[in-house]
Amino acid sequence: MSLSSPDITAAKQDLRETALQLRAGLRATADDEDCIASQLLNLRQNWAGHIVAGYWPIRGEFSPLAAMLAVSGQGAQLALPVVDKDAHHMIFGVWGGGALMDGPYGTKQPPEPVTACIPDIILCPLLAFDRRGNRLGYGGGYYDAAIKAARQAKNAKVYGVAFGEQAVLFPLPIESFDEKMDAVITPERIIPFE
């Protein structure tokens with residue numbers, strides 16, 4: 001049975017509420033964050049010249065900050081999402097580790113003027129993920145559009161950062177604009193997708 005677009009939207013919203021409740025009960029330790037950092041570091045031998053876009057964690061998201069600092073220490077340039085809520089648009093802005101300004105939805109982003117960049121690797125937050133590499137986000141579509149643009153421009157790789165408990169055993173409902181991830185990094189392992 002296939003779902004219509006309104007049915008998919010409703011199904012996603014129901015799943016979001018459940019996933020938010022589940023994630024609210026999960027807490028990452030410093031060891032968990034170090035494990036994510038080690039696994040990310042092991043994906044490449046040379047990080048110099050690569051741009052890694054992460055995110056400032058909000059609402060109980062698994063923090064990628066230790067992983068970002070680890071690859072930065074190996075020569076990667078860091079970036080963070082910059083959201084223009086009025087234009088419903090997101091880009092990635094270079095971040096050198098300095099002060100951040102408040103962004104929409106409780107986020108933090110590089111201050112103006114932002115130097116836009118196209119990342120080689122995007123670390124993205126999620127509410128849930130399935131075995132096919134689909135992710136459930138908050139429903140704004142910001143990440144999907146930014147991921148699509150980065151893939152078209154640079155064949156960027158996308159890695160979700162999550163707790164293993166955020167995996168679902170059924171296919172998530174998806175729409176035509178939903179972008180799949182290349183892998184999810186959990187404290188226990190990297191889960192690759194084809």
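Residues numbered from 1 in each chain as written. Predicted model: local features only at pLDDT ≥ 70, side-chain atom pairs only at ≥ 80, totals over all residues. Heavy atoms only, no water.

Turning our eyes to something else, we now look at the pattern of salt bridges. Side chains that differ in sign of charge can pair as their charged atoms come close. Tallying each qualifying case throughout the model produces six salt bridges. As a salt-bridge pair, Lys12 and Glu175 come within 2.9 Å of each other at their nearest N and O atoms. You can see Lys12 sitting in helix 1 (residues 5-24) and its partner Glu175 sitting in the loop between strand 10 (157-161) and strand 11 (183-185), a full 163 residues away along the chain. Lys12 gets classed as buried once you look at its relative accessible area, which sits at 6%. Of the charged contacts, one joins Asp182 and Arg151 as a salt bridge, the two residues approaching to 3.1 Å between their closest N and O atoms. Of the two residues, Asp182 is situated in the loop between strand 10 and strand 11 and Arg151 in helix 4 (residues 142-154); the sequence distance between them amounts to 31 residues. Of the residues examined, Asp182 reaches a relative accessible area of 23% and is grouped as partly exposed. Salt bridges linked by common partners bring Lys12, Glu175 and Asp178 together as one network. (Salt bridge = Lys/Arg side-chain N within 4 Å of Asp/Glu carboxyl O. Helix = DSSP H or I, 4+ residues; strand = E, 2+ residues; numbered from the N terminus. Buried < 20%, exposed > 50% of the residue type's maximum accessible area, 1.4 Å probe, protein only.)

With that settled, the discussion passes to the pairing of strand 3 (residues 89-95). Judged from the seven bridges that link them, strand 2 (residues 77-84) and strand 3 form a sheet pairing that is antiparallel. Bridging across to strand 3, Val82 finds its partner in Ile91. Between the end of strand 2 and the start of strand 3, which pair antiparallel, lie four residues, with His88 showing a positive phi angle near 50°. Where strand 3 and strand 6 (residues 116-117) come together, two bridges link them in antiparallel fashion. Across the sheet, the residue bridging to Phe92 is Cys117, located in strand 6. (Pairing = 2+ DSSP bridges.)

This brings us to the packing of helix 2 (residues 30-41) against helix 3 (residues 65-73). Between helix 2 and helix 3, whose axes approach to 8 Å, the crossing angle comes to 40°. The orientation of helix 2 relative to helix 3 falls into the category oblique. The two elements helix 2 and helix 3 cross, and the hand of that crossing is right-handed. Judged by residue contacts, Glu33, Ile36, Ala37, Leu40 and Leu41 of helix 2 engage Ala66, Ala67, Ala70 and Val71 from helix 3. For the contact of helix 2 with helix 3, the class distribution of residues is eight nonpolar, no polar and one charged. (Axes fitted to C-alpha atoms, helices over the stretch in contact; angles between N-to-C directions. Parallel < 35°, antiparallel > 145°, perpendicular 65-115°, else oblique. Left-handed = near helix turned anticlockwise from the far one by under 90°. Contact = heavy atoms within 4.5 Å. Nonpolar A, V, L, I, M, F, W, Y, C, P; charged D, E, K, R; others polar.)

Looking now at the packing of aromatic side chains. On inspection of all chains with the given rule, the structure shows three aromatic pairs. Considering the side-chain rings of Trp56 and Trp95, the 6.2 Å spacing of their centres and the 85° angle between planes classify their relative orientation as edge-to-face. Remark: Trp95 occurs in strand 3 and Trp56 occurs in the loop between strand 1 (51-53) and helix 3; sequence separation between them is 39 residues. Residue class for Trp56 comes out partly exposed when judged on its relative accessible area of 30%. Its relative accessible area of 10% is what places Trp95 among the buried residues. Its guanidinium or amino end placed over the ring of Trp47, Arg44 lies 5.8 Å from that ring's centre, counting from NZ or CZ. (Phe/Tyr/Trp six-rings, centres within 6.5 Å; stacked < 30°, edge-to-face > 60°. Lys NZ or Arg CZ within 6 Å of the ring centre and 35° of its normal.)

A few words on the layout of surface pockets. Considering only enclosed or pocket space, the largest pocket measures out at about 660 Å³ in volume. Taken together, 33 residues form the lining of the largest pocket, with Tyr138, Gly139, Gly140, Tyr142 and Tyr143 sitting closest to its centre. Only helix 1, strand 2, strand 5 (108-109), strand 9 (135-136) and helix 4 provide two or more residues apiece to the lining of the largest pocket. Take the lining of the largest pocket: its biggest share by element is four residues, from helix 1. A class-by-class count of the residues in the lining of the largest pocket yields 15 nonpolar, eight polar and 10 charged. The volume enclosed by the second largest pocket comes to roughly 190 Å³. (1 Å grid on protein atoms, 1.4 Å probe; cavity = no way out; pocket = protein on both sides within 12 Å on 5 of 7 lines; lining within 4 Å. Points joined across faces, edges and corners; volume = space filled by probe spheres on them.)

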